[in-house]
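Listed here are the chains, written in short residue letters.
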Amino acid sequence: MKNKIFLFIFLFNGLYAQISLDKIEDLSNLSNNELNEIRKSLSKKPISDSDKLEIEKNKPLSTVKISSSKKNTENNYFGYNYFNRDIVFFDNISTPMDYKLGPGDEITLSIWGETNLREKFIINKDGSIFYDKIGFVNISNKNLDQAESLLLEEFSKIYSTLSNKNNSTYLKVELNNLKSINIFFTGQINNPGVHLIHPFSDILLAITQAGGINKSGSLREISVIRDNKILTVIDLYSFFNAGVNPSFNLKLIDGDVIHIPPVKTRVKIGGEILRPGFYEVLKDETLSDLISHSLGLTSTASSIITADRIAPVGERESNDFAKSSIKFNYSDSPKIQLKNGDEFFINKIGEVNTKVQVLGRVKNPGLYPAFNTNLKDILDIAGGFDDPYFRKTIRDEIIISRKDENQFYNLEFKVLYENAADFKLEIDDKIFVYENKNFKNDFTYRVEGEVLKPGTFIYEKDITVAKAIELAGGLSQMSSFNNIVLSEEFTSVDENGDSINRLLPVGNVKPEFKISPNSVIKASPSENTVSVVGNIYNPGLISYKDRLTVSKAITLAGGYKPFSIKKRVYVKRVNGEIKKVSLMKGRFLYLQAGDEIIVPEKPNQEPFDVTRFISDLSVTIANIAAILLVIENTSNN
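Residues numbered from 1 in each chain as written. Predicted model: local features only at pLDDT ≥ 70, side-chain atom pairs only at ≥ 80, totals over all residues. Heavy atoms only, no water.

(A) Fine view of the overall build of the protein chain. In terms of helices and strands, the protein chain carries twelve helices and 30 strands. Burial statistics for the protein chain: of 637 residues in total, 37% are counted as buried. A separation of at least 24 residues holds for 61% of the contacts in the protein chain among residues at least 6 apart in sequence. (Helix = DSSP H or I, 4+ residues; strand = E, 2+ residues; numbered from the N terminus. Buried < 20%, exposed > 50% of the residue type's maximum accessible area, 1.4 Å probe, protein only. Contact = heavy atoms within 4.5 Å.)

(B) Just the pairing of strand E6 (residues 181-187), in detail. Both E6 and strand E7 (residues 193-197) contribute to a ladder of five bridges, which runs antiparallel. Considered in E7, the bridge of Ile183 is made with His195. (Pairing = 2+ DSSP bridges.)

(C) Quick peek at the sheet that holds strand E23 (residues 484-493). Taken in spatial order, the five strands line up as E22-E21-E25-E23-E24 in an open sheet, and their pairing is mixed. Each end of this open sheet is capped by a strand with a single partner; those strands are strand E22 (455-458) and strand E24 (499-506). Across the sheet, the mean angle from the axis of one strand to that of its neighbour is 25°, orientation sign disregarded. For strand E21 (residues 444-449) and strand E25 (residues 520-523), the ladder comprises four bridges, and the chain directions are parallel. Within E25, the position partnered with Val447 by the bridge is Ile521. (Axes fitted to C-alpha atoms, helices over the stretch in contact; angles between N-to-C directions.)

(D) Layout of the sheet that holds strand E16 (residues 355-360). Across the sheet, which stays open at both edges, the five strands sit in the order E17-E16-E20-E18-E19 with mixed pairing between neighbours. The open sheet has two edge strands with one neighbour each: strand E17 (366-369) and strand E19 (411-416). Between one strand axis and the next, the sheet turns by 25° as a mean value, whatever way the strands run. Pairing analysis gives six bridges linking strand E18 (residues 394-402) to E19, with the strands arranged antiparallel. If you follow Ile398 over to E19, its bridge partner there is Val415.

(E) Quick look at the pairing of strand E3 (residues 128-131). Relative to strand E4 (residues 135-138), E3 runs antiparallel, the two being bridged by four bridges. Of the residues in E4, the one forming a bridge with Ile129 is Val137. Turn length for the E3-E4 hairpin, with the two strands adjacent in sequence and antiparallel, is three residues.

(F) A look at a nonpolar patch on the surface. A cluster of nonpolar residues, Phe613, Ile614, Leu617 and Ile621, forms a patch on the protein surface that exposes about 390 Å² of accessible area. Exposure remark for Phe613: the relative accessible area of 45% places this residue in the partly exposed category. (Patch = residues over 30% accessible without salt bridge, like charges linked within 9 Å, V, L, I, M, F, W, Y side chains within 5 Å. Areas by Shrake-Rupley, 256 points an atom, 1.4 Å probe, with all protein chains shown as cover. Salt bridge = Lys/Arg side-chain N within 4 Å of Asp/Glu carboxyl O.)

(G) Highlighting the pattern of salt bridges. Applying the stated criterion to the full structure yields 18 salt bridges. In this structure, Lys403 engages Asp428 in a salt bridge whose closest nitrogen and oxygen atoms are separated by 2.8 Å. Here Asp428 lies in the loop between E19 and strand E20 (430-435) and Lys403 lies in the loop between E18 and E19, a separation of 25 residues in the sequence. Exposure remark for Lys403: the relative accessible area of 57% places this residue in the exposed category. As a salt-bridge pair, Glu448 and Arg446 come within 2.6 Å of each other at their nearest N and O atoms. Residue Glu448 is classed as partly exposed on the basis of its relative accessible area, which comes to 27%. When salt bridges that share partners are traced, they join Arg220, Asp235 and Glu285 into one network.

(H) Summary view of helix H8 (residues 375-382). Listed as buried for H8 are Leu375, Ile378, Leu379 and Ala382. Projected down its long axis, H8 shows its buried positions confined to an angular sector of 100°, all on one face. Looking at the buried residues of H8, the elements they touch are E16, E17, E18, E19 and E20. For H8, the side-chain oxygen to backbone nitrogen distance between the N-cap and Lys376 is 3.0 Å, and the N-cap itself is Asn374. Phi turns positive, to about 90°, at Gly383, one or two residues after H8. (Arc of directions from axis to C-beta. Polar contact = N/O pair within 3.5 Å; in protein donor to acceptor, adjacent residues only side chain to side chain.)

Printed below as a string of structure tokens:
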């Protein structure tokens, strides 16, 4: 519990500014203490300007990374990417009914019935095919039905059954390979010149096959020229924005010219717009049309639009004043004429606080509207007050924290739920609903082992170990109070700040010790042995008898081995109690059945080696004699 409180103090520190309450996932499980900590944090003193300055002075400099603000705007020019794709040819598309045959087309002629024939013909440059029994037949500028009728007439001259209904032979003409057509591309095309184009192509596909339009080329005034006359002018925006292709009904023919003029007027729009970017606009189009081209405003767009405008060279009084900034209202957009180089920006509406917040013991804590509501309305929406069982877990007194412009500390109001309808809320009020802890006592404890009625019991305040055992029917004949082991829940915090709950044994437990919730009391069976471990000759169990002392037990276990720390011998009772044993006390400390005696050993000790000692001593004496001899010879010289 302490750790949870510490976590919430940290989260809400700093005048509620760093982390908002609406980002905490489960507000319904906040305890009363946690709610109090939140209320306190709302009134904490903020950091002063001088404190902030001192913090900045002592803050180490971080690495400064300078990056270019220039962005790749290649994809921001609307419409040009439609041409940047691979061409999908038309082998699986049926031939249009109005397709005219011409030089270079390949047809397949099939005859079956009385006579079977299947042969391919390529239309020559004069528009004819040649069959040795008939000669040349001109089928140029005819569609498939017209060509089939003509060939049926010609082949009936040599195959009479083609025209005989009683003993008929059939003829069919199919288009096999298609001729390509020569189209001339001029102006702002990526690959100007003559291109071989698929004969089924419309203008959009023809431009794609020619490599697309470059960024200076117009998408809205594309001319198709035939016989030195402008056949039509096409605006591709209708297709890009609405899927209406104005070029579908126009079939290109060999020798057509597609001309891409330069863009006359291009403007930019950004901000709260669905498709920001650069757009080409026509002469009479307005800001309203530009917004339509960019798919309209976002839901958070402001009605205020700003623009940066560049005056044309011929209209400038001075280059120093060539640029200007203008503000418009969205309602005026149909009247705003556009000029080349205009840059419009749709602002975003600011955040508006219109909510109050409910925290604590409700079914749905969170943010709720502040306008035209009272405290009861919000509490009923948050839920729990009309649920008879849930209502018992809520304290009647509701606390409202409100910011006050006349003082630093928040105002607090205490209102009973029955009077909540009379309390009018204001924006940013914090509503604290506290839990009735008396109704939430569902704590338990457990008694195990050698008792008459082991099990789980309801926890009561100030219950002792003796009382808990009594409620469990008392100890059986196999145990005694010396064999009681009590374990209690202990909460700690790891290095990551996470809470860890562990069940740990409690030492030196007395009958009058008051247990905590979730405790476990275990009555171990009585033993008839004691254990002696550590630095002795024969560690293990020895039989227990009355008035058995620590010294006697160690003697029975073989006695002390060399390097035993006799002053640090201790006894561990069954119930976890530790008894230190001195040499004198060990003769008079009586053991209990189940006790464990621990005899520690001095670390890093080795048995005394006489031979090694004599060898080391001899070397030392020899070294000393040699030194004395050197000193004597030096003095004589």
